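Structure at a glance
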Amino acid sequence: MRANEVPTEEIRRDPAAFADRVTADGRLDRRAEAGRYRLVVNRACPWAHRVVITRRLMGLERAVSLAVTDPRQEIIGGEPHWVFTEETGSPGGLDPVLGIHALREAYLARDPGYTGGVSVPGLVDVESGHLVSNDYDRLALDMATEWGGLVRDGAPDLYPEPLREEIDAVGAEVYRDLNNGVYRAGFAPDQEHYDAAVGAVFDRLDALEERLSGQRYLVGDTVTMADVRLFPTLVRFDPVYHGHFKCNVRKLSEYPALWAYARDLFQTPGFGDTVEFDHIRVHYYWVHTGINPTRVVARGPDPRGWLAPHDRAALGGTPFGTGTAPGPVPAGERVPAPA
Ligand SMILES: N[C@@H](CCC(=O)N[C@@H](CS)C(=O)NCC(=O)O)C(=O)O
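Residues numbered from 1 in each chain as written. Predicted model: local features only at pLDDT ≥ 70, side-chain atom pairs only at ≥ 80, totals over all residues. Heavy atoms only, no water.

A closer look at the UniProt feature "site: Lowers pKa of active site Cys" (unreviewed entry) in the protein chain
Mapped onto this numbering, the UniProt entry annotates "site: Lowers pKa of active site Cys" (unreviewed entry) at Tyr241 and Tyr284. Spanning 44 residues, the named residues form one tight spatial group whose C-alpha atoms are at most 9.1 Å apart. The topology assignment puts tyrosine 241 in helix α7 (residues 225-241). Non-local contacts of tyrosine 241, meaning those with residues more than four positions away in its chain, are made with Pro46, Val182, Tyr183, Thr233, Arg236, Lys246, Cys247 and Tyr284. Take tyrosine 284: it is sitting in helix α9 (residues 277-287). (UniProt positions renumbered as here; feature names shortened; annotations may be inferred. Helix = DSSP H or I, 4+ residues; strand = E, 2+ residues; numbered from the N terminus. Contact = heavy atoms within 4.5 Å.)

Structural data, given as structure tokens:
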């Protein structure tokens, strides 16, 4: 199903088309080298958002540059495609580094016969223009654990060995019921599929509310990949999933612990400074014409609520453990503060 079609069956996710592994020692497919790769994202996309947050927490901004596509996909050959536009800062509608207009050009550079879907995030080899990987999960995990000498001094351990099993277990439930669950609800082809999906969304939120009432972070005492996985869905919940995807049993802001947890992360460097609410609202409401044919973009809610005090420090824990917070967002990558 394409994002601009009326859903006729349950949403299905294909495995990543290209999934080359990038590591500091190059022992798998490719070597991580400063300046060699460009990360193509869209600020609306929650899957891309996880890689953007990880890149920033690990201080990889200088090593891997960032290319941001327009939240409005362009129809090319009948399908919506991620493109670079003047309006979102790419002169002449071309990415200044890769020289391409549509991300699909990097897929085709990699495989001229490629006919599958094109998704963000995409890691592109700057010199050849080839897509290296669109495997968001692996890209984020490898940046967190495999980019060795390229990460900043004081980078946190987002995937500590002793907690990996628990991070993966929590992450699998969050993926099924929330990250992907909201899409299953929003693109449900009928009442039955919607009821099942929306039930799972709120059962999971209820369980997380309980878990996060007694602890500051999802797993352990510091920010981990489990939080990086959950945050992009929470930050989109009230602006787009509540209305556009019909996940409206409750708002995030009606869950005291979850809402405070989400604000705590939002106010932690590396999280809120990667969120662009306008891109989120415009992308979802404008592109999904199968479920919102008028393309009218909903206005609310007022994003300033994200800056309210969270009072979560009393629960203990510290965001980066023995590490430190990332520095300021590089010029050219700043997003507007909620206003
Ligand atoms: N490729 C992964 C996740 C990435 C993904 O779904 N990205 C979305 C944007 S949020 C995308 O680019 N979809 C293609 C499209 O919208 O045409 C998957 O299919 O599960």
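Re the sheet that holds strand β3 (residues 37-41)
Read from one edge to the other, the open sheet built from four strands follows the order β4-β3-β7-β8, with strand pairing classed as mixed. Bordering the open sheet on either side are β4 (64-68) and β8 (131-133), each of which pairs with just one other strand. Direction aside, neighbouring strands of the sheet carry axes that sit 35° apart on average. As judged from the four bridges shared by β3 and strand β7 (residues 122-125), these two strands associate in the antiparallel manner. Paired with leucine 39 across the strands is leucine 123, a residue of β7. (Pairing = 2+ DSSP bridges. Axes fitted to C-alpha atoms, helices over the stretch in contact; angles between N-to-C directions.)

Examining the UniProt feature "binding site: glutathione" (unreviewed entry) in the protein chain
UniProt's entry tags Trp82 with the feature "binding site: glutathione" (unreviewed entry), counted in the numbering of this structure. Its location among the elements puts tryptophan 82 in the loop between β6 (79-81) and α2 (104-110). Using a relative accessible area of 6% as the deciding quantity, one classes tryptophan 82 as buried. In this view, tryptophan 82 contacts Asn42, Thr69, Asp70, Pro71, Gln73, His101, Ala102, Leu103, Val118, Ser119, Val120 and His283; residues no more than four positions away in its chain are not counted. (Buried < 20%, exposed > 50% of the residue type's maximum accessible area, 1.4 Å probe, protein only.)

A few points about the site of the ligand
Neighbouring residues of the ligand: Arg13, Cys45, Pro46, Trp47, Gln73, Pro80, Trp82, Val118, Ser119, Val120, Tyr136 and Tyr183. In this structure, an oxygen atom belonging to the ligand sits 3.1 Å away from a side-chain N or O atom of arginine 13. At 3.1 Å from a nitrogen atom of the ligand is found a side-chain nitrogen or oxygen belonging to serine 119. In isolation the ligand exposes 500 Å². Once the protein is present, 81% of that is buried. (Near = heavy atom within 4 Å. Polar contact = N/O pair within 3.5 Å; in protein donor to acceptor, adjacent residues only side chain to side chain. Areas by Shrake-Rupley, 256 points an atom, 1.4 Å probe, with all protein chains shown as cover.)

With respect to the packing of helix α4 (residues 164-179) against helix α6 (residues 191-214)
A pair of packed helices can be characterised by two numbers: the angle between their axes and the separation between those axes. Two elements in contact, α4 and α6, have axes whose closest approach is 8 Å; the angle formed by their N-to-C orientations is 145°. Where α4 approaches α6, its residues Glu166, Val170, Glu173, Val174, Arg176, Asp177 and Leu178 are matched on the opposing element by Ala200, Val201, Arg204, Leu205, Leu208 and Arg211. Here the residues of the contact of α4 with α6 are counted per class, giving seven nonpolar, no polar and six charged. (Nonpolar A, V, L, I, M, F, W, Y, C, P; charged D, E, K, R; others polar.)

Focus: α4
Over its 16 residues, α4 runs only 19 Å from end to end, short of the ideal 22 Å by more than 12%, given 1.5 Å per residue. Of all the positions in α4, only Ile167, Val170, Gly171, Val174, Asp177, Leu178 and Asn179 are classed as buried. Buried residues of α4, seen end-on, are gathered within an arc of 155° and therefore sit on one face of the element. In this structure, the buried residues of α4 make contact with α1 (46-57), α5 (181-186), α6 and α7. (Expected span 1.5 Å × (residues − 1). Arc of directions from axis to C-beta.)

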